[in-house]
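Residues per chain, in single letters:
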Amino acid sequence: MPLMPAPMPLPSARQPTGLPGAYAVSTGFARPMLYPMVEDSSIGGDTEAEPQDSPASSELPPPLQATLVVTAQHPRTLQDASCHGATVQLATAVRDDDGQKRRTIAALFALAVVVMLAIILALVLGLLGILDGNKVEPPQIALGGNNENANGTLPTLQRIKQEGILRCEYRHVPNIIADIAGFSYSLCLAVAAAIFGPETAKDKMDFQEYKNRSSLFAPLVEGQVDLYSSFYTHTMERDVLQTQVKTGLSFTPPCLQTGMVIAGDPFHVGCVEDNFRHLDECQSLKICVGQGTTYTSILEAFLPRKFIVEVATVGDIENVFFNAACNVIATGSFVALSAEEMAAPMGLVTREDDPKFSAFVAAIVDSLNVAELHNITQASAHLFPTMQVFGIEYQYMFQNAIAAVGNYGEIYNRHLARGIPRATINQINQGTTGLLFAHPFGAIGENAREEDNIPLGDDLQSIVDRGSVRCGISANAKRAGFASKLNTRNVSSVAYKGFEIDLCRALSTSLFQGGPNNIQFIEVKEPQDGFALLASGAIDVLAGVTSSNQNRVKEPTTGLGSSFSVPYFYNGSANNNSSNLCMATNQDAHDLSAWVHWIVTALIFAEEHDIGQETSYRMPEVLLFGNQYKRMFRDAILEVGSYGDIFNRNLRPINILRTGQNMLNLNSNQGPQRYAPPGFI
């Protein structure tokens, strides 16, 4: 702590002070004036004190009685004092008066200097955060008050609260036994209950159906809707830059894992089930698929466009099929007839420009999983812990959501179980089976960014302009295998190795096509130190931190939320509140967060498809960030290999076995994929 100025000594009987309220009198004996000025050190200025009683004349030395009174109050009475035979002479009084002026000027000058020094000191201390208990108050989350988003609008959660209505979208899916709309309704109701309470939540919802839209996500992006509560597949294209609305979207953790199901004429279904290897014999193949759906993107990755027939709505697919416009239909598993399934993780969707509201909705989805894991039901919702990460106003948000709709299992059984038996992949992962699963990429070959002149986000662009990625790592003996220093002969440089070092290298290489000068490793001692550096802009990405509800919403050190990649390492089982390790970025850096998330996902994808450094050319090209970054996946894999390569190179040699949640969750033997993250119970 900086040294404070030493306190100024009090005036003594023989010490001139030059300060207001302590005049020095010619005989060398100081007395306060009748109306002294008291210095208020808290503001560095002077305030007038209450008048004090005049000291008794007997307390003053006899020669000074007239001088003190005249000097303090009535200079013109000097003449009167002389006429009455007083011992004070006029010449002496004049000299004293001149001296008094000089002393007054000196006192005022000294006071000005003291005030200026006090102001400067206060400014310095204020910048250092020392004036208030050595603590810099973290920024507050914009949930209430008069905070505005960058575009001048109120934050979504605040606006919903003020207007008293939550606007949700749902899709009507016909001809199925399961109550898809009811499932969507319950998810919307859970969010409404978290905001308004379970008693009034139903009256605070506007549950809207949208049909035949030329642009699927336009109502959400344009602000007509707050939340898409139907099933939409989380893909890279939709996350980074959805081609129709020219912006990215935010997805919650999956609410349902479905598969793409191929059904229809047995011969043509056989063409598909044989992975399209014999298209020369299947020239008559026509696959009907919903227009603009993820299934269209999946098919386009395997088939020429001439084999694909896009249908306006899901409800029309069967009609088109029976009218012989196609001989195979591709749709979700809830219309299953026969199957060659491809998993599709489907979540709730929010706008990407309000990460706080996106975190709010994601926390509700996570809480439903946590409640099921710990057997907290609608009837026992009060047992779920209260939390104040969104402020005291929302401390009962999770209890209220569960009280309104129950846990995830209760919602599923109520709406879907009759028509869609709950598959293993939609069960809660107990920590004994793999969770590594690459979400689909979608239409990543679209180059809307350059076609529409859409710039990169500021955080990502600043890295490009700087020419290097600053990666925060924790390199110590306890983290062997993840990040540690290498012993080198060159004492002027430090080298590192480990799992997280390879992740940082993958990020750098994907942006700059490799090179030792394109990455800076910055060591942090503790995770909270790293979050502070992240918030200050000293680092771009932080490795080795846990994605928890607290850290996503309001990390304690900074008071800010962060975005996290898909976890690349799990430690423990679900029952003992397993932790995870992720790459973290600033929450409002959407493009950078998406880049980091999908590079980590690409490493998992590469292992799923048996792609390594020598076969990195098999990774798909990506145009979502512009043509110059189309090799982002290929360059990352070329530099470090697949997830399995990184694990085997760094963790296996120190006897960290690859088991449990750190295994791939492959389609051929798919285990539970629903994850209950730490930080709730």
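Numbering of residues starts from 1 in every chain and runs along the sequence as written. Restriction of local features to residues with pLDDT of at least 70 applies here, the model being predicted, together with a cutoff of 80 or more for giving and counting side-chain atom pairs; totals for whole chains, interfaces and linings are based on all residues. Heavy atoms from the whole structure form the basis of all side-chain values; hydrogens and water molecules are not counted.

## Section: the overall build of the chain
Put simply, DSSP marks the helices as runs of H or I at least four residues long and the strands as runs of E at least two long, and each gets a number from the N terminus on. Along the backbone of the chain there are 21 helices and 19 strands. Type-normalised accessible area, obtained with a 1.4 Å probe on protein chains alone, sets the label of each residue: buried when under 20%, exposed when over 50%, and partly exposed for intermediate values. The buried share of the chain, taken over its 681 residues, is 50%. A total accessible area of about 32,500 Å² is found for the chain, and carbon and sulfur atoms account for 53% of it. Each accessible area is a Shrake-Rupley result for a 1.4 Å probe, and residues are judged covered by the shown protein chains and nothing else.

## Observations concerning the pattern of salt bridges
Only one rule defines a salt bridge in this text: a Lys or Arg side-chain nitrogen within 4 Å of an Asp or Glu carboxyl oxygen. All told, the structure shown has 19 salt bridges when counted by the stated rule. Between Arg351 and Asp353 there is a salt bridge, with its nearest N and O atoms 3.9 Å apart. The exposure class assigned to Arg351 is buried, which follows from its relative accessible area of 13%. The salt bridge involving Glu523 is made with Lys485; its shortest N-O contact spans 3.3 Å. One end of the pair, Glu523, is in strand 15 (residues 519-523); the other, Lys485, is in strand 13 (residues 484-486), and 38 residues separate them in sequence. Since its relative accessible area comes to 34%, Glu523 is described here as partly exposed. The class of Lys485 is partly exposed, set by a relative accessible area of 48%. Put simply, Arg159, Glu163, Arg167 and Asp226 are held in one network by salt bridges that share partners.

## Side note on the packing of helix 11 (residues 355-373) against helix 12 (residues 397-405)
The N-to-C vectors of helix 11 and helix 12 enclose an angle of 65°; their axes lie 10 Å apart at closest approach. Once helix 11 is placed against helix 12, the crossing between them reads as right-handed. Counting all contacts with helix 11, which are made through Phe360, Ala363, Ile364, Ser367, Leu368 and Ala371, the residues of helix 12 involved are Met397, Phe398, Ala401, Ile402 and Val405. In terms of residue class, the contact of helix 11 with helix 12 is made up of ten nonpolar, one polar and no charged. Interaxial angle, 0 to 180 degrees, is taken between N-to-C directions of lines fitted to C-alpha atoms, where a helix line uses only the stretch in contact. Crossing handedness follows the turn of the near helix against the far one: under a right angle anticlockwise gives a left-handed crossing, and clockwise gives a right-handed one. By the convention used here, residues are in contact when the closest approach between their heavy atoms is within 4.5 Å. Three classes are used: nonpolar for Ala, Val, Leu, Ile, Met, Phe, Trp, Tyr, Cys and Pro, charged for Asp, Glu, Lys and Arg, and polar for all others, with Gly counted as polar.

## Looking at the environment of Asp540
Relative to the assigned elements, Asp540 resides in the loop between helix 17 (527-536) and strand 16 (541-545). Its relative accessible area of 9% is what places Asp540 among the buried residues. Each C-alpha atom, one on Asp540 and one on Asn586, is 7.9 Å from the other, the two residues being 46 residues apart in sequence. Apart from the residues lying within four places of it in its own chain, the contact partners of Asp540 are Ile463, Arg466, Ser468, Val469, Arg470, Leu534, Ala584, Thr585 and Leu592. A polar atom in the side chain of Asp540 sits 2.8 Å from the backbone nitrogen of Arg470. Any N or O atom pair separated by 3.5 Å or less is treated as a polar contact, with the protein-specific requirement of one donor-capable and one acceptor-capable atom, and with residues adjacent in sequence counted only for side-chain atom pairs.

## With respect to helix 21 (residues 643-650)
It helps to recall that an α-helix has 3.6 residues per turn; residues three or four apart then point in one direction. Tyr643, Gly644, Ile646, Phe647 and Asn650 are the residues of helix 21 that are buried. Burial along helix 21 is one-sided: seen end-on, the buried residues are contained in an arc of 160°. Against helix 16 (499-512), strand 18 (569-571), helix 19 (590-608) and helix 20 (632-640) lie the buried residues of helix 21. To be clear, the arc concerns the directions from the helix axis to the C-beta atoms.

## A word on helix 16
Between the first and last C-alpha of helix 16 there are 20 Å, a value that for 14 residues agrees with the 20 Å anticipated at 1.5 Å per step. In the segment just after helix 16, Gln513 is the residue with positive phi, at about 55°. Each helix should span, by expectation, one fewer than its residue count multiplied by 1.5 Å.

## Describing the confidence of the model for the chain
Confidence per residue, as judged by the predictor, is encoded in pLDDT with a range of 0 to 100. Considering every residue of the chain, the mean pLDDT works out to 77; 67% of them sit at 70 or more. In the predicted structure, residues 334-341 sits below a pLDDT of 50 and forms 26 contacts with residues beyond four places in sequence or in another chain.

## Observations concerning the state of the cysteines
We call a pair of cysteine sulfur atoms a disulfide when they lie within 2.5 Å. The full count for this structure, using the stated rule, is three disulfides. With its sulfur 2.0 Å from that of its partner, Cys168 forms a disulfide with Cys188. Looking along the S-S bond of the Cys168-Cys188 disulfide, the torsion reads about 85°, which is the right-handed sense. A residue pair is termed long-range when its members are at least 10 positions apart, and Cys168 in strand 3 (residues 166-170) and Cys188 in helix 5 (residues 180-196) qualify at 20 residues. In this structure Cys168 comes out as buried when scored by relative accessible area, which is 0%. For Cys471, the disulfide goes to Cys504, at an S-S distance of 1.9 Å. An S-S torsion of about -50° defines the bridge between Cys471 and Cys504 as left-handed. With Cys471 in strand 12 (residues 469-473) and Cys504 in helix 16, this pair connects stretches of sequence that are 33 residues apart.

## Things to note about the nonpolar core
Here, nonpolar core means buried Ala, Val, Leu, Ile, Met, Phe, Trp, Tyr and Cys residues that are tied together by side-chain atoms lying within 4.5 Å of each other. Ranked by internal contacts, the top residues of the largest apolar core, which has 67 residues, are Met236, Phe499, Tyr568, Met583, Trp595, Phe625 and Phe633. With twelve residues, helix 19 is the largest single contributor of residues to this core. Here Tyr568 is in contact with Phe499, Glu500, Leu503, Ala543, Gly544, Leu581, Cys582, Met583, Val600, Tyr643 and Asn662, once residues within four sequence places are set aside. One finds Phe384, Phe398, Ile402 and Ile420 within the second-largest nonpolar core, a separate group that totals 57 residues.

## Remarks on the pairing of strand 19 (residues 579-586)
Along any regular strand the residues' side chains alternate between the sheet's two faces. The buried count for strand 19 comes to seven of eight residues, which makes it a mostly enclosed element. Here strand 17 (residues 562-564) runs beside strand 19; their pairing, made up of three bridges, is antiparallel. Looking at strand 19, one finds that Ser563 is bridged to Thr585. By the convention used here, strands pair only if DSSP detects at least 2 bridges between them. Where strand 18 and strand 19 come together, three bridges link them in antiparallel fashion. Pairing of Phe569 across the sheet is with Leu581, part of strand 19.

## Some details on unusual backbone geometry
The phi torsion at Lys246 lies on the positive side, around 60°, for a residue other than glycine. We classify Lys246 as partly exposed; its relative accessible area is 35%. One non-glycine residue, Asp610, lies in positive phi territory at about 55°.

## Concerning the packing of helix 5 against helix 12
Two numbers describe how helix 5 lies on helix 12: the axes approach to 7 Å, and their chain directions differ by 140°. On the basis of their axis angle, the class for helix 5 and helix 12 is oblique. In this structure, helix 5 meets helix 12 at a crossing whose hand is right-handed. Along its contact with helix 5, which presents Ser186, Leu189, Ala190, Ala193 and Ala194, the element helix 12 presents Met397, Asn400, Ala401, Ala404 and Val405. A breakdown of the residues in the contact of helix 5 with helix 12 according to their chemical character gives eight nonpolar, two polar and no charged. Reported orientations rely on four angle classes, namely roughly parallel under 35 degrees, roughly antiparallel over 145, roughly perpendicular from 65 to 115, and oblique for the rest.

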